[in-house]
Amino acid sequence: MTAEKILTRSFERPDSHTLDGYRASGGYQAWPKAQAMEPAAIVEEVKAANLRGLGGAGFPTGTKWSFIPKNHAGPVYLVINADEGEPGTFKDRYLLERDPHALIEGMLIAARAIRSATGFVYIRGEYVEPWRRFSAAVRDAYAAGYLGRGFDIVVHRGAGAYICGEETGLISSLEGKKGWPKLKPPFPAIKGAFGAPTIVNNVETICHVPHIINRGAAWFAGLGTKTQGGTRMYSVSGRVARPGVYEESVAITLRQLIYERAGGVTGNGRLKAVVPGGSSAAILTAAEIDVTMDVDGLRNAGTMAGSAGVIVMDETVSIPEALMVVARFYAHESCGQCTPCRESTGWIYKITHRIVEGRGRRADLDTILDVARRGAGTTICAFYDGAVGPYISYIEKFRSEFEALTEAAVAAAPRRVVVSHA
Amino acid sequence: MSGAGSISNRPPAAQAGLTDPATTNAATTNPATPTFSAEQLAEVRRLQALYPDARGALLPVLYMAQDTFGWISLEVEEYVAGLFGLSPAHVHEVVTFYTLYFRDRPGRHVISVCHNLSCHLAGAPSIIAHLKRRLGVEVGETTEDGRVTLLSVECLCACEAAPMMQVDDRYEMNLTSAKIDRLLDGLA
């Protein structure tokens, strides 16, 4: 009972990225329908579909759209977050390369809903081929008259910074600045890009919109759970037999995804742990995978759906080493604006590094937990809270593995102290 | 020439090239004396007009500058600042914030190996070790012949094909030592 493929329905077509290929698979049929709808009716339809943001935060999309001030006189911007960067996630790359017109059609409809005449698509700088594919699709959409008649798209390349996937960091970057997140409120829907009301949506989220208009909110809502409609694209990687993108209902369980879709653990090995929603999601043990993958299901399990990047670890994987790799990422990508994040991410990386190198100390684990907890919730954006997820969960759920390393280091300590003072 | 000395108190407009037609036709590709051609300056103006505030075009124009001059020197920063009426300090702050602007001349090819979690689980450390051996450089260095700069980077979001790396514009996936050797042999 694999879910019907919606977002990925044409991925096997060699011409899926072209205008003709998109039309042949039913593309650009929702836009005329949406043009006959009042903007408020589009917002209501998307609300009723229970579409939730698929970039990480899981916020209800229609509700976000409804925050644009009514009767706003000046410009309103639609910004697409294609700054895919969450470790373990690669779905938006597939959409940009294989179905760019779905994003364009979704943007046309979303722009009508929020009364926007200009959309910006912010694509991470490393995504050169996706950027070329999407830019070609934009040119074709202009030539075909979909764009340029009340709605224009500007394609903008990022320049290498994970934090620009945070919506206010993205806005800063789009404005020609370093990608520092901004304090909220004001929320972007009130004062966003270039000071104007702005909606920032993820690529995959917007690619769902044409299907919602075509087939109705009730159909979409029925694909998922009570609080989240539809399918989503799971990026599955790590120690699995068949890594890749899997489009499934948000009601699928993590166990089904790993064993029934991705072919189980590499070499029939034993599962040890899974990161269910990109590296910022708290880790789950092998005993915790009977959980549905919707936003609320994973929240209730103490982790998050995030970007649906599923990273599988088997018994060959060292959890302390995995945490060190993740901690290096957060230390590198902290934008440096808020002191708790800037300092703690660096400290915690150094501590995890020395633990893995065999120079750990007995107090190190509690130091990491203490530093992590003190900083949580004190920063401008969610980046540090995202780092705290792995810091705390890796240590709490696999503490004995960390302690084996620190105790071994303590046992070897006298010799090391003499050497270090030599 | 040191950057500190080159950042003067001249008003940005005087450095822009926009105010002096003579300089617009004298394009150079030298990062020490950067000048865009007339066509490139027209492209700068086109990009600036795409945004509600012209400075939105700063990242794209920095890419143009890097493509033209090879890397973003302090002189290039100052030149680009002039094109936007921004302070060189603002442009420096932007250039140093992002990883894709080079502040020194890179090799003719740039290899960026992903070292994040999924690639790490798939053997990225041994991929990096193999490249270091083959190229005779450490991560962050360029081969003596200027052919390749080796970097290790955070998640490039191609985890389904780990271990992977980016070679210039291309993603190279499912790496093995043999595949890397073939790729290196193909780099001029």
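Just so we're clear, the structure is a prediction, and the values are computed from it rather than from any experiment.

Asker: Tell me about the overall build of chain A, and please be specific about residues and values.
Answerer: When its secondary structure is counted, chain A shows 18 helices and nine strands. Its C-alpha atoms give chain A a radius of gyration of 22 Å, within 12% of the compact-globule value 22 Å for 422 residues. Judged by the C-alpha coordinates and their principal axes, chain A covers about 75 × 45 × 35 Å. Counting all 422 residues of chain A, 56% fall into the buried class.

Asker: Describe the overall build of chain B, listing the residues and the values that go with them.
Answerer: Scanning chain B for helices and strands turns up ten helices and four strands. In chain B, the succession of α and β elements from N to C terminus is α-α-α-α-α-α-α-β-α-α-β-β-β-α. In chain B, the share of contacts with a sequence separation of at least 24, taken over all contacts with a separation of at least 6, comes to 57%.

Asker: Summarise the interface of chain A and chain B; cite the residues concerned and give the values.
Answerer: A common way to express how large an interface is: the accessible area buried when the components associate. Between chain A and chain B, the contact holds 42 residues from the first and 32 residues from the second. Residue assignment for the side of chain A that touches chain B shows that the elements contributing at least two residues are strand S3 (152-157), helix H8 (167-174), strand S5 (231-238), strand S6 (244-249), strand S9 (309-314) and helix H13 (319-333) of chain A. Here the side of chain A that touches chain B takes six residues from H13 of chain A, the largest share from any one element. Of the residues that constitute the side of chain A that touches chain B, the class distribution is 19 nonpolar, 14 polar and nine charged.

Asker: Lay out the nonpolar core in plain terms, naming residues and giving numbers.
Answerer: As a rule of thumb, nonpolar side chains are buried together in soluble globular proteins. If you look at the biggest cluster of nonpolar residues, it comprises 179 residues, and the most contacted ones within it are Val 79, Met 107, Leu 257 and Val 274 of chain A together with Val 80 and Met 164 of chain B. In terms of residues, this core owes the most to one element, helix H6 (residues 100-114) of chain A, which gives ten residues. The residues touching Val 79 of chain A, leaving out its near neighbours within four places in the chain, are Phe 120, Tyr 122, Leu 170, Leu 174, Ala 193, Thr 198, Ile 199 and Val 200 of chain A.

Asker: Tell me about unusual backbone geometry, and name the residues and values.
Answerer: Along the chain, Lys 184 of chain A connects to Pro 185 of chain A via a cis peptide bond; the corresponding omega equals -10°. In this fold, Pro 185 of chain A is placed in the loop between H8 and strand S4 (198-202). Look at the link from Pro 185 of chain A to Pro 186 of chain A: it is a cis peptide, with omega at 5°. Within the secondary structure layout, Pro 186 of chain A lies in the loop between H8 and S4. A positive phi angle, close to 65°, is found at Ala 308 of chain A, a residue other than glycine. In this structure, Ala 308 of chain A sits in the loop between helix H12 (295-300) and S9. Ala 308 of chain A gets classed as buried once you count the C-beta atoms within 10 Å, which come to 30. Residue Asp 168 of chain B is not a glycine yet carries a positive backbone phi of 55°. In this structure, Asp 168 of chain B sits in the loop between strand S3 (165-167) and strand S4 (170-172).

Asker: Can you lay out the sheet that holds strand S8 (residues 284-285) of chain A for me, pointing to particular residues and giving the numbers?
Answerer: Residues and elements named next belong to chain A. Reading across from one edge, S6-S5-S9-S7-S8 is the order of the five strands in this open sheet, with mixed pairing throughout. The strands lining the two open edges of the sheet, one partner per strand, are S6 and S8. Bridging between S5 and S6 involves six bridges; their strand directions are antiparallel. Across the sheet, Tyr 234 pairs through a bridge with Tyr 246, a residue of S6.

Asker: Any chance you could break down the sheet that holds S4 of chain B for me, citing the residues and the numbers?
Answerer: All names here are of chain B. Pairing within the open sheet is mixed, and its four strands lie in the order S2-S1-S3-S4. At either end of the open sheet lies a strand with only one pairing partner, and these are strand S2 (148-153) and S4. The mean inter-strand angle of the sheet, taken between neighbouring strand axes irrespective of direction, is 25°. Across three bridges, the pairing between strand S1 (residues 109-114) and S3 is antiparallel. Along S3, the bridge assignment pairs Val 113 with Met 165. Docked against the sheet, helix H9 (residues 124-135) engages S1 and S2, running at close to 155° with respect to S1.

Asker: Just give me the short version of the packing of H9 of chain B against helix H10 (residues 177-185) of chain B, but keep the residues and values in it.
Answerer: Residue and element names in this part refer to chain B. The N-to-C vectors of H9 and H10 enclose an angle of 40°; their axes lie 10 Å apart at closest approach. By the angle class used here, H9 and H10 are oblique. Crossing of H9 over H10 shows right-handed handedness. Contacts between H9 and H10 involve Ile 127, His 130, Leu 131 and Arg 134 from the former and Ser 177, Ile 180, Asp 181 and Leu 184 from the latter. Taken together, the residues of the contact of H9 with H10 break down into four nonpolar, two polar and two charged.

Asker: Let's hear about the domain arrangement of chain A: which residues, and what values?
Answerer: All names here are of chain A. Considered domain by domain, chain A is made up of domain 1 (19-222), domain 2 (231-314) and domain 3 (319-418). The C-alpha centroid of domain 3 is placed 36 Å from the C-alpha centroid of domain 1. Counting from both sides, the interface comprises ten residues of domain 1 and, opposite them, eight residues of domain 3. When grouped by side-chain class, the residues that make up the side of domain 1 that touches domain 3 number six nonpolar, three polar and one charged.

Asker: Outline the packing of helix H5 (residues 91-98) of chain A against helix H7 (residues 128-143) of chain A, listing residues and values.
Answerer: Packed helix pairs are characterised by how far apart their axes lie and by the angle those axes make with each other. Residue and element names in this part refer to chain A. Interaxial distance between H5 and H7 falls to 7 Å at its minimum, and their mutual angle equals 40°. In terms of orientation, H5 and H7 fall into the oblique class. Helix-helix and strand crossings are classified by hand; for H5 and H7 the assignment is left-handed. Across the interface between the two elements, Arg 93, Leu 96 and Glu 97 of H5 pack against Glu 129, Pro 130, Arg 133 and Phe 134 of H7. Among the residues making up the contact of H5 with H7, the classes are represented as three nonpolar, no polar and four charged.

Asker: How would you explain the pairing of S2 of chain B if you had to name every residue and give the values?
Answerer: For a regular strand, side-chain orientation follows a simple rule: the groups alternate between the two sheet faces. All names here are of chain B. The buried fraction of S2 is high, at five of six residues. Here six bridges tie S1 to S2, and the two strands are oriented parallel to one another. Residue pairing in the sheet places Val 110 in a bridge with Thr 149 of S2.

Asker: Pulling in residues and values, what's your account of the environment of Asn 174 of chain B?
Answerer: Position of Asn 174 of chain B relative to the elements: it lies in the loop between S4 and H10. Note: C-alpha distance between Asn 174 of chain B and Pro 52 of chain B (122 residues apart in sequence) is 42 Å.

The rules behind each value
- Residues numbered from 1 in each chain as written.
- Chains lettered and ligands numbered in written order.
- Predicted model: local features only at pLDDT ≥ 70, side-chain atom pairs only at ≥ 80, totals over all residues.
- Helix = DSSP H or I, 4+ residues; strand = E, 2+ residues; numbered from the N terminus.
- Rg over C-alpha atoms; globule rule 2.2 N^0.38 Å.
- Buried ≥ 20, exposed ≤ 12 C-beta atoms within 10 Å, placed from the backbone.
- Contact = placed C-beta atoms within 7 Å.
- Nonpolar A, V, L, I, M, F, W, Y, C, P; charged D, E, K, R; others polar.
- Core = buried A, V, L, I, M, F, W, Y, C linked by C-beta atoms within 7 Å.
- Pairing = 2+ DSSP bridges.
- Axes fitted to C-alpha atoms, helices over the stretch in contact; angles between N-to-C directions.
- Parallel < 35°, antiparallel > 145°, perpendicular 65-115°, else oblique.
- Left-handed = near helix turned anticlockwise from the far one by under 90°.
- Domains from an automatic or database assignment.

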